[in-house]
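# Residue-level structure breakdown
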Amino acid sequence: MNGIINILKPPGMTSHDAVSYIRRVFAMKKVGHAGTLDPAAAGVLPVFLGSATRLIEYSTEAAKSYRVEVTFGFETDTGDDTGKVTQTGPCELPARQRLEEVLATFIGAITQIPPVYSAIKVDGKKLYELARAGIAVEPKARQVHIHDIRILEVRQSTLLLDVDCSKGTYIRSLCQDIGRKIGCPAVMSFLVRTKVGDFTLEQAVSIEEISNKKEAIVLPLDFAVAHLPLVKLSPSECKDLQQGKAVFTQTCPSSLVRLYDTQERLVGIGQYDSTSSLLKPVKILSLF
(Lines give C-alpha, C1' and ligand atoms only; values in the text may rest on other atoms or scores of the structure.)
Protein backbone atom coordinates (compact mmCIF):
# COMPACT_ATOMS: atom_id res chain seq x y z
CA MET A 1 0.00 0.00 0.00
CA ASN A 2 1.51 3.31 -1.16
CA GLY A 3 -0.54 6.47 -0.79
CA ILE A 4 -1.92 9.14 1.51
CA ILE A 5 -4.94 9.40 3.79
CA ASN A 6 -6.33 12.85 4.52
CA ILE A 7 -7.50 12.24 8.08
CA LEU A 8 -9.99 14.38 9.95
CA LYS A 9 -8.23 14.13 13.31
CA PRO A 10 -10.67 14.40 16.20
CA PRO A 11 -9.95 16.38 19.40
CA GLY A 12 -8.26 14.29 22.08
CA MET A 13 -6.19 12.22 19.65
CA THR A 14 -2.49 12.96 19.16
CA SER A 15 -0.93 12.95 15.71
CA HIS A 16 1.14 9.96 16.85
CA ASP A 17 -2.07 8.16 17.88
CA ALA A 18 -3.44 8.69 14.37
CA VAL A 19 -0.32 7.17 12.81
CA SER A 20 -0.47 4.21 15.20
CA TYR A 21 -4.13 3.64 14.28
CA ILE A 22 -3.30 3.57 10.55
CA ARG A 23 -0.47 1.11 11.19
CA ARG A 24 -2.91 -1.25 12.91
CA VAL A 25 -5.69 -0.91 10.33
CA PHE A 26 -3.39 -1.48 7.34
CA ALA A 27 -1.00 -3.84 9.15
CA MET A 28 2.09 -1.94 8.03
CA LYS A 29 4.97 -0.18 9.77
CA LYS A 30 6.00 2.44 7.22
CA VAL A 31 3.56 5.23 8.10
CA GLY A 32 4.15 8.91 8.93
CA HIS A 33 2.31 12.22 9.10
CA ALA A 34 2.89 15.72 7.73
CA GLY A 35 2.71 18.43 10.38
CA THR A 36 1.86 17.75 14.02
CA LEU A 37 -1.59 18.90 15.13
CA ASP A 38 -2.19 19.68 18.83
CA PRO A 39 -4.05 16.90 20.70
CA ALA A 40 -6.91 19.26 21.62
CA ALA A 41 -7.24 20.49 18.02
CA ALA A 42 -9.16 18.87 15.17
CA GLY A 43 -8.77 18.94 11.42
CA VAL A 44 -6.61 17.98 8.47
CA LEU A 45 -3.77 15.54 9.15
CA PRO A 46 -2.21 13.96 6.03
CA VAL A 47 -0.90 10.48 6.86
CA PHE A 48 1.51 8.83 4.41
CA LEU A 49 1.78 5.09 3.76
CA GLY A 50 4.63 3.07 2.28
CA SER A 51 6.76 4.81 -0.34
CA ALA A 52 4.62 7.94 0.03
CA THR A 53 6.47 8.63 3.30
CA ARG A 54 9.40 9.82 1.16
CA LEU A 55 7.22 12.73 0.03
CA ILE A 56 6.21 13.93 3.51
CA GLU A 57 8.59 16.89 3.40
CA TYR A 58 6.73 18.42 0.45
CA SER A 59 3.50 18.59 2.47
CA THR A 60 5.23 19.60 5.70
CA GLU A 61 6.63 22.65 3.88
CA ALA A 62 3.20 23.60 2.51
CA ALA A 63 1.13 26.54 3.78
CA LYS A 64 -1.60 25.76 6.30
CA SER A 65 -5.00 27.23 7.16
CA TYR A 66 -6.83 27.27 10.49
CA ARG A 67 -10.13 28.34 12.01
CA VAL A 68 -9.45 29.57 15.53
CA GLU A 69 -11.39 31.01 18.43
CA VAL A 70 -9.53 33.50 20.64
CA THR A 71 -10.91 34.00 24.16
CA PHE A 72 -9.89 37.12 26.07
CA GLY A 73 -9.61 37.66 29.80
CA PHE A 74 -6.88 35.20 30.80
CA GLU A 75 -3.58 33.59 29.75
CA THR A 76 -2.34 30.06 30.50
CA ASP A 77 1.02 28.29 30.55
CA THR A 78 0.04 26.23 27.50
CA GLY A 79 -1.44 29.07 25.43
CA ASP A 80 -4.83 27.36 25.18
CA ASP A 81 -7.76 27.00 27.55
CA THR A 82 -6.58 23.60 28.85
CA GLY A 83 -3.57 24.98 30.72
CA LYS A 84 -2.92 26.50 34.11
CA VAL A 85 -4.08 30.13 34.33
CA THR A 86 -1.09 32.44 34.69
CA GLN A 87 -2.77 35.82 34.25
CA THR A 88 -6.28 37.29 34.30
CA GLY A 89 -7.63 40.72 33.58
CA PRO A 90 -10.80 42.57 32.64
CA CYS A 91 -11.15 43.09 28.93
CA GLU A 92 -13.44 45.00 26.63
CA LEU A 93 -12.75 44.34 22.97
CA PRO A 94 -12.26 47.44 20.81
CA ALA A 95 -14.41 48.27 17.80
CA ARG A 96 -14.12 46.02 14.76
CA GLN A 97 -12.12 48.60 12.81
CA ARG A 98 -9.49 48.68 15.58
CA LEU A 99 -9.45 44.88 15.66
CA GLU A 100 -8.82 44.83 11.90
CA GLU A 101 -5.94 47.28 12.36
CA VAL A 102 -4.36 45.13 15.08
CA LEU A 103 -4.68 41.93 13.05
CA ALA A 104 -3.16 43.65 10.01
CA THR A 105 0.07 44.16 11.98
CA PHE A 106 0.50 40.38 12.16
CA ILE A 107 0.22 39.81 8.40
CA GLY A 108 3.56 39.15 6.73
CA ALA A 109 6.81 37.94 8.28
CA ILE A 110 6.60 38.00 12.08
CA THR A 111 8.69 36.72 14.97
CA GLN A 112 6.98 34.58 17.57
CA ILE A 113 8.06 32.58 20.61
CA PRO A 114 6.68 29.02 20.57
CA PRO A 115 4.71 27.82 23.61
CA VAL A 116 6.63 26.11 26.40
CA TYR A 117 4.27 23.17 25.92
CA SER A 118 5.23 22.28 22.33
CA ALA A 119 6.97 19.44 20.50
CA ILE A 120 10.09 21.48 19.68
CA LYS A 121 13.21 19.65 20.82
CA VAL A 122 15.97 21.11 23.00
CA ASP A 123 19.00 18.86 23.53
CA GLY A 124 16.98 15.89 22.32
CA LYS A 125 14.05 16.52 24.68
CA LYS A 126 10.66 17.91 23.67
CA LEU A 127 9.75 21.19 25.35
CA TYR A 128 6.52 19.80 26.77
CA GLU A 129 8.46 16.94 28.38
CA LEU A 130 10.80 19.43 30.06
CA ALA A 131 7.86 21.62 31.14
CA ARG A 132 6.06 18.67 32.70
CA ALA A 133 9.26 17.77 34.56
CA GLY A 134 9.42 21.28 35.99
CA ILE A 135 12.50 22.25 33.97
CA ALA A 136 12.29 25.87 32.81
CA VAL A 137 13.49 26.40 29.23
CA GLU A 138 12.96 29.60 27.25
CA PRO A 139 12.01 28.68 23.66
CA LYS A 140 13.95 30.48 20.96
CA ALA A 141 12.07 33.02 18.87
CA ARG A 142 11.43 32.02 15.26
CA GLN A 143 10.28 33.81 12.14
CA VAL A 144 7.06 32.64 10.50
CA HIS A 145 4.80 34.10 7.84
CA ILE A 146 1.13 34.97 8.26
CA HIS A 147 -0.43 35.15 4.81
CA ASP A 148 -3.85 36.38 5.93
CA ILE A 149 -6.14 36.78 8.96
CA ARG A 150 -9.89 37.25 8.52
CA ILE A 151 -12.47 38.03 11.20
CA LEU A 152 -15.51 35.76 10.99
CA GLU A 153 -17.29 36.79 14.16
CA VAL A 154 -16.83 39.15 17.12
CA ARG A 155 -18.50 38.29 20.41
CA GLN A 156 -18.29 39.88 23.86
CA SER A 157 -15.05 38.18 24.85
CA THR A 158 -14.10 36.06 21.82
CA LEU A 159 -12.97 36.39 18.23
CA LEU A 160 -13.47 33.76 15.53
CA LEU A 161 -10.75 33.97 12.89
CA ASP A 162 -9.51 32.25 9.75
CA VAL A 163 -5.71 32.22 9.52
CA ASP A 164 -3.51 31.28 6.56
CA CYS A 165 0.14 30.81 7.53
CA SER A 166 3.47 29.17 6.86
CA LYS A 167 4.73 25.97 8.40
CA GLY A 168 6.05 26.31 11.95
CA THR A 169 3.42 28.85 13.00
CA TYR A 170 2.04 28.34 16.49
CA ILE A 171 -1.56 29.53 16.56
CA ARG A 172 -1.53 29.47 20.37
CA SER A 173 1.32 31.99 20.37
CA LEU A 174 -0.47 34.07 17.75
CA CYS A 175 -3.61 34.25 19.94
CA GLN A 176 -1.56 35.28 22.95
CA ASP A 177 0.29 37.94 20.96
CA ILE A 178 -2.97 39.33 19.55
CA GLY A 179 -4.30 39.68 23.09
CA ARG A 180 -1.18 41.48 24.26
CA LYS A 181 -1.35 43.84 21.29
CA ILE A 182 -4.95 44.70 22.19
CA GLY A 183 -4.09 44.95 25.88
CA CYS A 184 -6.08 41.91 27.06
CA PRO A 185 -4.73 38.50 28.11
CA ALA A 186 -5.89 35.85 25.63
CA VAL A 187 -5.83 32.12 24.87
CA MET A 188 -6.71 29.83 22.00
CA SER A 189 -10.01 28.20 22.96
CA PHE A 190 -10.80 26.30 19.74
CA LEU A 191 -8.76 25.21 16.74
CA VAL A 192 -9.45 23.27 13.56
CA ARG A 193 -6.94 22.94 10.75
CA THR A 194 -8.81 23.41 7.50
CA LYS A 195 -6.01 22.97 4.96
CA VAL A 196 -2.48 21.60 4.50
CA GLY A 197 -1.29 22.37 0.97
CA ASP A 198 -3.83 20.67 -1.30
CA PHE A 199 -5.36 18.61 1.52
CA THR A 200 -8.65 20.21 2.61
CA LEU A 201 -11.10 19.72 5.45
CA GLU A 202 -13.95 19.06 2.99
CA GLN A 203 -12.10 16.03 1.61
CA ALA A 204 -10.86 14.67 4.96
CA VAL A 205 -12.16 11.31 6.20
CA SER A 206 -13.07 10.42 9.77
CA ILE A 207 -11.47 7.65 11.81
CA GLU A 208 -14.67 5.60 11.43
CA GLU A 209 -14.58 5.92 7.63
CA ILE A 210 -10.99 4.67 7.52
CA SER A 211 -11.78 1.37 9.20
CA ASN A 212 -14.88 0.85 7.02
CA LYS A 213 -13.54 1.87 3.62
CA LYS A 214 -9.78 1.25 3.95
CA GLU A 215 -8.18 1.23 0.46
CA ALA A 216 -11.04 3.28 -1.03
CA ILE A 217 -9.98 6.40 0.88
CA VAL A 218 -6.25 6.19 0.06
CA LEU A 219 -5.13 9.00 -2.25
CA PRO A 220 -2.37 8.43 -4.85
CA LEU A 221 1.06 9.26 -3.50
CA ASP A 222 1.60 12.04 -6.06
CA PHE A 223 -1.26 14.04 -4.49
CA ALA A 224 1.37 15.40 -2.07
CA VAL A 225 3.35 16.96 -4.93
CA ALA A 226 0.48 18.05 -7.18
CA HIS A 227 1.54 21.68 -6.67
CA LEU A 228 4.84 21.03 -8.49
CA PRO A 229 5.03 21.39 -12.29
CA LEU A 230 5.01 18.11 -14.23
CA VAL A 231 7.75 16.82 -16.53
CA LYS A 232 7.38 13.65 -18.61
CA LEU A 233 10.45 11.51 -19.22
CA SER A 234 11.41 9.23 -22.06
CA PRO A 235 12.38 5.66 -21.09
CA SER A 236 16.09 6.47 -21.44
CA GLU A 237 15.77 9.68 -19.35
CA CYS A 238 13.83 7.78 -16.74
CA LYS A 239 16.53 5.11 -16.55
CA ASP A 240 19.31 7.70 -16.24
CA LEU A 241 17.58 9.57 -13.42
CA GLN A 242 16.83 6.33 -11.60
CA GLN A 243 20.56 5.58 -11.77
CA GLY A 244 21.39 8.96 -10.25
CA LYS A 245 22.46 10.61 -13.51
CA ALA A 246 21.39 14.07 -14.67
CA VAL A 247 19.72 14.50 -18.06
CA PHE A 248 20.03 17.40 -20.48
CA THR A 249 16.89 19.41 -21.26
CA GLN A 250 16.66 22.89 -22.75
CA THR A 251 13.34 23.82 -21.18
CA CYS A 252 11.83 23.11 -17.79
CA PRO A 253 8.74 24.74 -16.18
CA SER A 254 10.34 25.21 -12.76
CA SER A 255 13.46 24.52 -10.73
CA LEU A 256 11.67 21.80 -8.72
CA VAL A 257 9.44 19.42 -10.68
CA ARG A 258 7.64 16.08 -10.38
CA LEU A 259 8.78 13.44 -12.85
CA TYR A 260 6.60 10.92 -14.70
CA ASP A 261 7.37 8.10 -17.11
CA THR A 262 5.52 7.36 -20.37
CA GLN A 263 2.93 5.30 -18.45
CA GLU A 264 1.93 8.31 -16.32
CA ARG A 265 3.62 6.89 -13.21
CA LEU A 266 5.39 9.16 -10.73
CA VAL A 267 9.11 8.52 -10.90
CA GLY A 268 10.18 11.10 -8.33
CA ILE A 269 11.25 14.71 -7.85
CA GLY A 270 13.84 16.51 -9.96
CA GLN A 271 15.82 19.76 -9.71
CA TYR A 272 16.53 21.79 -12.84
CA ASP A 273 19.69 23.85 -13.16
CA SER A 274 19.06 26.54 -15.80
CA THR A 275 22.78 27.37 -16.03
CA SER A 276 23.80 23.89 -17.16
CA SER A 277 20.36 22.89 -18.57
CA LEU A 278 20.58 19.71 -16.53
CA LEU A 279 17.69 18.03 -14.75
CA LYS A 280 19.06 16.25 -11.67
CA PRO A 281 17.35 13.61 -9.52
CA VAL A 282 16.38 14.80 -6.03
CA LYS A 283 14.19 11.95 -4.84
CA ILE A 284 13.55 8.85 -6.95
CA LEU A 285 10.84 6.37 -5.99
CA SER A 286 11.24 2.64 -6.50
CA LEU A 287 7.67 1.49 -7.11
CA PHE A 288 8.07 -0.58 -10.31
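Here's what I pulled together on the structure shown here.

Definitions and cut-offs
- Residues numbered from 1 in each chain as written.
- Predicted model: local features only at pLDDT ≥ 70, side-chain atom pairs only at ≥ 80, totals over all residues.
- Heavy atoms only, no water.
- Disulfide = S-S within 2.5 Å.
- Helix = DSSP H or I, 4+ residues; strand = E, 2+ residues; numbered from the N terminus.
- Buried < 20%, exposed > 50% of the residue type's maximum accessible area, 1.4 Å probe, protein only.
- Salt bridge = Lys/Arg side-chain N within 4 Å of Asp/Glu carboxyl O.
- Arc of directions from axis to C-beta.
- Contact = heavy atoms within 4.5 Å.

Okay, the state of the cysteines next. One pass over the structure, following the stated rule, counts one disulfide. Each sulfur in the disulfide pair C91 and C184 lies 2.0 Å from the other. Disulfide C91-C184: the torsion about the S-S bond is 85 degrees, which places it as right-handed. Of this pair, C91 sits in the loop between β6 (85–88) and α3 (96–104) while C184 is found in the loop between α5 (171–182) and β12 (186–196), placing the two residues 93 residues apart along the sequence. You can call C91 partly exposed: its relative accessible area is 25%. C184 sits in the buried class, given a relative accessible area of 5%.

The next subject is the pattern of salt bridges. The full count for this structure, using the stated rule, is 13 salt bridges. E100 is the salt-bridge partner of R96, the closest N and O atoms lying 3.6 Å from each other. Of this pair, R96 and E100 both sit in helix α3, four residues apart, which is roughly one turn of the helix. Judged by relative accessible area, which is 41%, R96 ranks as partly exposed. Judged by relative accessible area, E100 falls into the partly exposed class, the value being 35%. Shared partners join several salt bridges into a network, and the residues in it are E69, E153 and R155.

Of all the positions in α3, only L99, V102 and L103 are classed as buried. End-on, the buried residues of α3 take up no more than an arc of 95 degrees, which puts them together on one face. Here the buried face of α3 lies against β10 (142–154), β11 (158–165) and α5.

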